[in-house]
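Residues per chain, in single letters:
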Amino acid sequence: MFINGECHYNSGVLWGLIPRTKKKYKIYMSFTGEYHNLLDQKNRLSIPAKYRNLLNPINDKTFVVCKGFDPCLLLYPVEEWKIVEEQLSSLSSIKNKHRNFIRNIVRHANYVKYDQQGRIAIPELLSEYATIDKDVIVIGMLKKIELWDPATLKEYEKQKDFLSDDDFEDLANEINF
C-alpha cells in the first residue's frame, strides 16, 4: 500500500496507485523462495500462505499440477496454465512428435483447488512420479511452483551437468543480473 507516496508490501502483495486516478491496484509478485512441507495421510499438501496470497483472485484458488521436465511436479496458476495450453495448441496435431509432446504434458495435468486450510490433493500417480512420499520441498519458480522430494532434489543437484559456476556466470551475464 502507499504510505506517504511510498509502496509498501502487504501479505506478499505490493499495492500501488494508478497514476492520475489515485485508485489502488495490486501488483501480483512472483513465486520465490523455498519451503519444507509434508503430505498428510490423504496426500494433501498445504500451499505456503505466501504463495496463496500471491495468487491472483482470477485463478479462483486453483492450480494445475503436472509432471515437470525434471523429476518433480509443477504447479501452475490457472491463468499461467492457459498460456501453456495456448502454446501447446500452436503445435501441429498432424505431426507425430507434436502430438506425443502434447499428450505427455496434458495427460497428467490435473486442476486442483485449495481448501480453507490451503491444502491441495496431489494425485497418487504424480506423487509416485516425483517419488514424493511424505516430505516435500516447495520452490517458487517465478510464474510456477516446483514440488520436490528432498532426496531426489539433493541427488539431482549433485549431477555434473546441473549448473557449473561458469554456466551460472554466463547466464547471469546474459540477463544482466
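Structure first, text after, so check above.
Residues numbered from 1 in each chain as written. Predicted model: local features only at pLDDT ≥ 70, side-chain atom pairs only at ≥ 80, totals over all residues. Heavy atoms only, no water.

Caption draft 1: Local environment of the nonpolar core. In terms of nonpolar packing, the biggest core is built from 22 residues, with L45, F63, L73, L75, I120, I145 and L147 touching the most fellow members. For this core, the elements supplying multiple residues, two or more each, are helix 1 (49–54), strand 8 (62–67), strand 9 (73–77), strand 12 (135–141) and strand 13 (144–148). Ranked by size, the runner-up nonpolar core spans 13 residues in total, among them L74, Y76, I137 and L153. (Core = buried A, V, L, I, M, F, W, Y, C linked by side-chain atoms within 4.5 Å. Buried < 20%, exposed > 50% of the residue type's maximum accessible area, 1.4 Å probe, protein only. Helix = DSSP H or I, 4+ residues; strand = E, 2+ residues; numbered from the N terminus.)

Caption draft 2: Looking closely at the packing of aromatic side chains. Throughout the structure, instances matching the rule amount to six aromatic pairs. Between F31 and F63 the ring centres are 6.5 Å apart and the planes differ by 50°, which places this aromatic pair in the tilted class. Linking F31 in the loop between strand 5 (24–27) and strand 6 (34–38) with F63 in strand 8, this pair joins segments that are 32 residues apart in sequence. For F63, a relative accessible area of 0% puts it in the buried group. Feature note: the residues F31, Y35, Y51 and F63 constitute an aromatic cluster, connected by ring pairs. Here the basic side chain of R52 rests over the ring of Y114, its NZ or CZ set 6.0 Å away from the ring centre. (Phe/Tyr/Trp six-rings, centres within 6.5 Å; stacked < 30°, edge-to-face > 60°. Lys NZ or Arg CZ within 6 Å of the ring centre and 35° of its normal.)

Caption draft 3: The arrangement of the sheet that holds strand 6 in detail. Spatial ordering of the open sheet is given by 6-12-13-9-8-10, a layout of six strands whose pairing is antiparallel. For this open sheet the edge positions go to strand 6 and strand 10 (110–113), each flanked by a neighbour on one side alone. Averaged over all pairs of adjacent strands, the angle between their axes in this sheet comes to 30°, without regard to strand direction. Direction of pairing for strand 12 relative to strand 13: antiparallel, over a ladder of five bridges. Residue pairing across strands places V138 opposite L147, the latter belonging to strand 13. Of the strands in this sheet, strand 8, strand 9 and strand 10 are in contact with helix 2 (residues 78–89), which crosses strand 9 at around 105°. (Pairing = 2+ DSSP bridges. Axes fitted to C-alpha atoms, helices over the stretch in contact; angles between N-to-C directions. Contact = heavy atoms within 4.5 Å.)

Caption draft 4: Fine view of helix 6 (residues 165–174). With respect to burial, helix 6 is a largely exposed element, only one of its 10 residues being buried. Remark: N176 follows helix 6 within two positions and exhibits a positive phi of approximately 55°.

Caption draft 5: View of a negative patch on the surface. Taken together, D165, D166, D167, E169, D170 and E174 make up a surface patch of like negative charges. Residue placement: D170 occurs in helix 6. (Patch = residues over 30% accessible without salt bridge, like charges linked within 9 Å, V, L, I, M, F, W, Y side chains within 5 Å. Areas by Shrake-Rupley, 256 points an atom, 1.4 Å probe, with all protein chains shown as cover. Salt bridge = Lys/Arg side-chain N within 4 Å of Asp/Glu carboxyl O. Lys, Arg positive; Asp, Glu negative; His and termini not counted. Charge placed at Lys NZ, Arg CZ, Asp CG, Glu CD.)

Caption draft 6: Examining unusual backbone geometry more closely. With a phi angle near 50°, T131 is a residue other than glycine that sits in the positive phi range. If you trace the backbone, T131 turns up in the loop between helix 4 (124–129) and strand 12. Among the residues examined, T131 registers a relative accessible area of 44% and is labelled partly exposed. Phi at L142 takes a positive value of approximately 70°, unusual for a residue other than glycine. Within the secondary structure layout, L142 lies in the loop between strand 12 and strand 13.

Nothing here speaks to function; it is all geometry.
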